[in-house]
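Residue-level listing of the chains:
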Amino acid sequence: MSVDPREWSTRCPVPLPSGDRITLAHGEGVRVTRRLLRQELLPAFANEYLGPLADGATLPAIDGPLVMTTDSSVVSPLFFPGGDIGTLAVHSAINDLAVCGATPLYLSLALILEEGLELDTLRRVIRSIGEASRRCGVSVVTGDTKVVPRGAVDKVFINTTGLGRLRPGAELGAQRVRPGDQVLVSGTIGDHGLAILAARNQLDFEGLRSDTAPIHDLVARLLDSGAEVRFLRDPTRGGVAGVLYEVLEHVAANIHLHEESLPISEAGRGAIELLGLDPWFIANEGKLLAIVAPQDVDIALKALRDHPLGEGAARIGEIRAGDDRQVLIETALGSVRVLHEPAGAPLPRIC
Amino acid sequence: VKLLDEYRDARLAKRLLAGLDCIVTRPWTVMEVCGGQTHTLVRSGIVERLPANLRLIHGPGCPVCVTPIEEIDEALDIAARPDVTFCSFGDMLRVPGSSRDLMRVRAEGGDVRVVYSPLDAVEIARREPGRQVVFFAVGFETTAPATALAASQAKREKLANFSLLVSHVLVPPALEMILRSPGSKVQGFLAAGHVCTVMGFEDYEELVRRHRVPIVVTGFEPVDLLEGLGMLVRQLETGRAEVENQYARVVRREGNRQARNLLAEVYEVCDRTWRGLGLLPRSGLRLRDGYREFDARTRFGVVRREVVEDARCRSGEVLLGVLRPRDCASFGTDCTPEHPLGAPMVSSEGACAAYYSVGRSNLPMSR
């Protein structure tokens with residue numbers, strides 16, 4: 001543990017700096033906190049709104065309606081193949097704005113740190129948040145840091161709030177969905193949830209990576225294509241099935257899916273088989289689920305496939321008239337089963 | 001991971017289904033023993049498309065379903081102890097005991113962890129010597145070799161903080177019981193390929209001799225099951241009763257010698273109570289002399305409390321194949337996966353849950 005003599009002080013009650021770990025002093029002691037912000041946080045997010053370290057950010061006037069969203073990331077482990085908690089925190093806010101039809105502009109960032117967290121770990125997370133937000137073209141304009149006693153959180157919890165401008169003419173919503181509409185996904189399903197499960201349990205599935213990615217550009221491409229898009233969502237927790245059941249809360253219809261058409265990566269399939277899980281319910285962090293008017297399926301698919309994040313886009317099913325409000329799956333043998341919402345988190349089978 | 005897509009080929013499956021239509025000339029009732037097979041049959045839609053004369057009964061081969069509620073309670077008592085790290089396969093976490101489940105114990109502060117192999121629990125015991133690490137050893141002959149390996153590693157390393165709560169059960173005694181039970185209509189079995197991978201099928205030859213009932217050792221993919229059904233029906237139609245092996249790509253007559261030796265080294269056969277079926281002689285495994293020190297029941301002085309099961313649950317009849325899940329008055333009403341009355345509604349391999357989770361709607365099927 002190294003201590004910088006310049007930080008020593010004879011004035012009580014400023015605590016001694018802790019060296020390479022976060023202590024409760026980082027959350028409470030004014031000096032230590034300011035040092036943490038100055039050294040570790042601000043440089044990663046440098047922008048004109050954040051600089052003055054005020055209690056809030058004053059932002060320029062925006063023309064038209066705003067969209068705001070908030071999301072908390074609590075993933076364990078913090079780092080996993082394909083991403084980390086930092087990229088997740090940024091992408092989840094960006095993606096929520098995107099599927100509301102908004103162009104993301106600003107983020108807030110709140111960190112809740114566990115006492116004892118290694119500063120190097122925090123640095124890695126911060127760097128990752130900085131890089132991800134820059135890549136998405138958004139600024140982190142305000143933030144907050146708290147430190148809680150060991151055990152009160154698991155290393156780092158992150159909350160991000162996203163603010164965006166609604167795209168002119170964007171009209172999206174489950175209530176716009178009607179029979180005949182087609183259900184599309186932008187690529188392979190389940191990679192994030194499976195990668196986390198594998199990382200958490202040291203299961204080694206070759207090639208399995210989280211799909212965490214910002215999809216705002218992909219959404220823009222789709223909306224610009226001229227296709228009649230009724231509804232967009234990023235199928236995160238609860239998976240594709242969770243989103244579709246949400247749609248059915250607003251539309252009296254049934255959703256017919258084709259089991260064979262759901263794109264699943266080779267590594268993902270292996271994991272699903274071995275663990276006995278159902279891909280329809282597994283979380284994704286960089287995928288788009290779109291419901292589009294039937295006549296525009298080809299235009300929409302082409303727009304998605306022209307984007308690197310949508311190369312694997314596929315039509316997986318359609319909305320059909322009926323008032324059962326059920327998600328139905330047609331099997332390869334041609335019979336139909338109901339996809340029930342699970343009672344809780346998917347649990348791997350014994351054998 | 002290499003996947004065997006040829007065993008899921010829809011065209012081949014349809015051809016085999018059509019083949020079954022041709023060979024079935026009389027009504028037959030057969031049982032697939034294993035919950036994994038039930039899962040595939042229901043999920044792929046095969047049950048819907050079988051010839052009307054071929055009736056399938058879903059057998060007791062779901063470890064979650066046959067573990068008695070008293071043993072779940074024992075697990076919950078141990079898991080709730082502050083000094084214990086309780087390790088289990090995932091789907092045991094939601095199985096209700098008489099008043100709560102492992103999820104609830106965890107929410108109340110118990111250290112309950114999902115592991116994928118008993119050896120992971122051994123590893124936890126090595127890493128955390130201050131904790132008492134207990135593995136809930138449930139399952140048939142398929143999972144028993146892995147728990148035996150865990151016990152033998154713990155013994156070799158003298159891991160004093162590791163123990164097993166053993167609830168293993170054996171398949172052949174259950175088949176014997178089904179064949180002897182007066183209400184049973186089962187005329188042939190699809191035996192579970194995985195169990196036979198370990199144990200071989202000499203025990204089944206004995207059953208066939210005694211009861212003159214055909215048994216086909218069968219795999220778990222749609223094509224496996226359809227092939228197995230074809231072999232079984234051909235035996236029935238021609239009046240044969242033999243053990244046949246559809247799953248020959250994996251199963252040998254003598255099974256896996258090494259795994260069997262390990263089982264014999266660590267476990268001995270004992271009488272066991274099955275949930276829904278009652279006490280079956282010589283149908284379970286317990287730790288042998290020399291391994292008793294790893295018995296969690298002794299270590300924690302567990303007291304077994306008798307529990308009266310909800311009278312509305314007719315899981316025994318479902319497990320015996322006398323009652324079809326959808327014919328039970330509680331199915332989907334009083335009894336759902338969120339609020340299960342009995343175990344077959346809990347595990348995705350349980351017959352009731354398998355039917356519930358893929359329950360057919362009243363919509364016409366698209367062909």
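Keep in mind the model is a prediction, meaning the values are calculated, not measured.

Enquirer: So what exactly am I meant to see when it comes to the overall build of chain A here?
Expert: On a plain count of helices and strands, chain A comes out with nine helices and 13 strands. Counting only residues that meet the buried cut, chain A has 55% of its 351 residues in that class. Counting only contacts in chain A whose residues sit at least 6 apart along the sequence, the fraction spanning at least 24 positions is 83%. When the accessible area of chain A is evaluated, it comes to approximately 15400 Å², of which 50% is carbon and sulfur surface.

Enquirer: What should I look at first to understand the pairing of strand β7 (residues 182–185) of chain A in this one?
Expert: Each regular strand shows side chains that alternate between the opposite faces of the sheet. Residues and elements named next belong to chain A. Here β7 shows no split at all, with Gln182 and Leu184 on one side and Val183 and Val185 on the other all buried. Bridging between β7 and strand β10 (residues 289–292) involves four bridges; their strand directions are antiparallel. When the sheet's bridge partners are listed, Leu184 is paired in β10 with Ala290. Direction of pairing for β7 relative to strand β11 (residues 314–320): antiparallel, over a ladder of four bridges.

Enquirer: I'm lost on the sheet that holds strand β6 (residues 156–166) of chain A in this one. Help?
Expert: The strands that make up a sheet are held in pairs by hydrogen bonds between backbone atoms, and each pair lies either parallel or antiparallel. Residues and elements named next belong to chain A. One open sheet accounts for four strands, arranged β1-β6-β4-β5; its pairing is mixed. What marks the edges here is a single partner per strand, and that holds for β1 (66–73) and β5 (139–148). Taken over all neighbouring pairs, the strand axes of this sheet differ in orientation by 15° on average, direction set aside. Here helix α4 (residues 119–136) sits on the sheet and contacts β4 (102–114), β5 and β6; the angle it forms with β4, its principal contact strand, is near 175°.

Enquirer: Explain the sheet that holds strand β1 (residues 28–34) of chain B here, please?
Expert: Residues and elements named next belong to chain B. Spatially, the five strands line up as an open sheet ordered β2-β1-β7-β8-β9, and their pairing is parallel. The strands lining the two open edges of the sheet, one partner per strand, are β2 (54–61) and β9 (243–245). Direction aside, the axes of adjacent strands within the sheet are offset by 25° on average. Two strands pair when backbone bridges link them, and β1 and β2 are joined in this way by six bridges, in the parallel orientation. Its bridge partner lying in β2, Trp28 is registered against Leu54. Packing against the sheet, helix α2 (residues 35–44) makes contact with β1, β2, β7 (188–192) and β8 (215–218), and its axis sits at approximately 120° to β1. Sitting on the sheet, helix α12 (residues 222–237) is in contact with β1, β2, β7, β8 and β9, with an inclination near 170° to β8.

Enquirer: Sorry if this is basic, but what is going on with helix α8 (residues 144–156) of chain B here?
Expert: Here α8(B) spans 18 Å end to end across 13 residues, near enough to the 18 Å set by a 1.5 Å rise per residue. Downstream of α8(B) by a residue or two, B:Lys158 has a phi angle that is positive, lying close to 50°.

Enquirer: Please explain unusual backbone geometry as it appears in this structure.
Expert: In terms of backbone geometry, most residues other than glycine have negative phi values and most peptide bonds are trans. Look at the link from A:Ser76 to A:Pro77: it is a cis peptide, with omega at 0°. Turning to its location among the elements, A:Pro77 is positioned in the loop between β1 and β2 (79–80). Phi angles above zero are rare outside glycine, and A:Arg325 is one such case at about 50°. Tracing the backbone through its elements, the reader meets A:Arg325 in the loop between β11 and β12 (327–330). Given the relative accessible area of 36%, A:Arg325 is considered partly exposed. Not every positive phi belongs to a glycine, and B:Lys158 is a case in point at roughly 50°. Note on placement: B:Lys158 falls in the loop between α8 and β6 (162–168).

What counts and what doesn't
- Residues numbered from 1 in each chain as written.
- Chains lettered and ligands numbered in written order.
- Predicted model: local features only at pLDDT ≥ 70, side-chain atom pairs only at ≥ 80, totals over all residues.
- Heavy atoms only, no water.
- Helix = DSSP H or I, 4+ residues; strand = E, 2+ residues; numbered from the N terminus.
- Buried < 20%, exposed > 50% of the residue type's maximum accessible area, 1.4 Å probe, protein only.
- Contact = heavy atoms within 4.5 Å.
- Areas by Shrake-Rupley, 256 points an atom, 1.4 Å probe, with all protein chains shown as cover.
- Pairing = 2+ DSSP bridges.
- Axes fitted to C-alpha atoms, helices over the stretch in contact; angles between N-to-C directions.
- Expected span 1.5 Å × (residues − 1).

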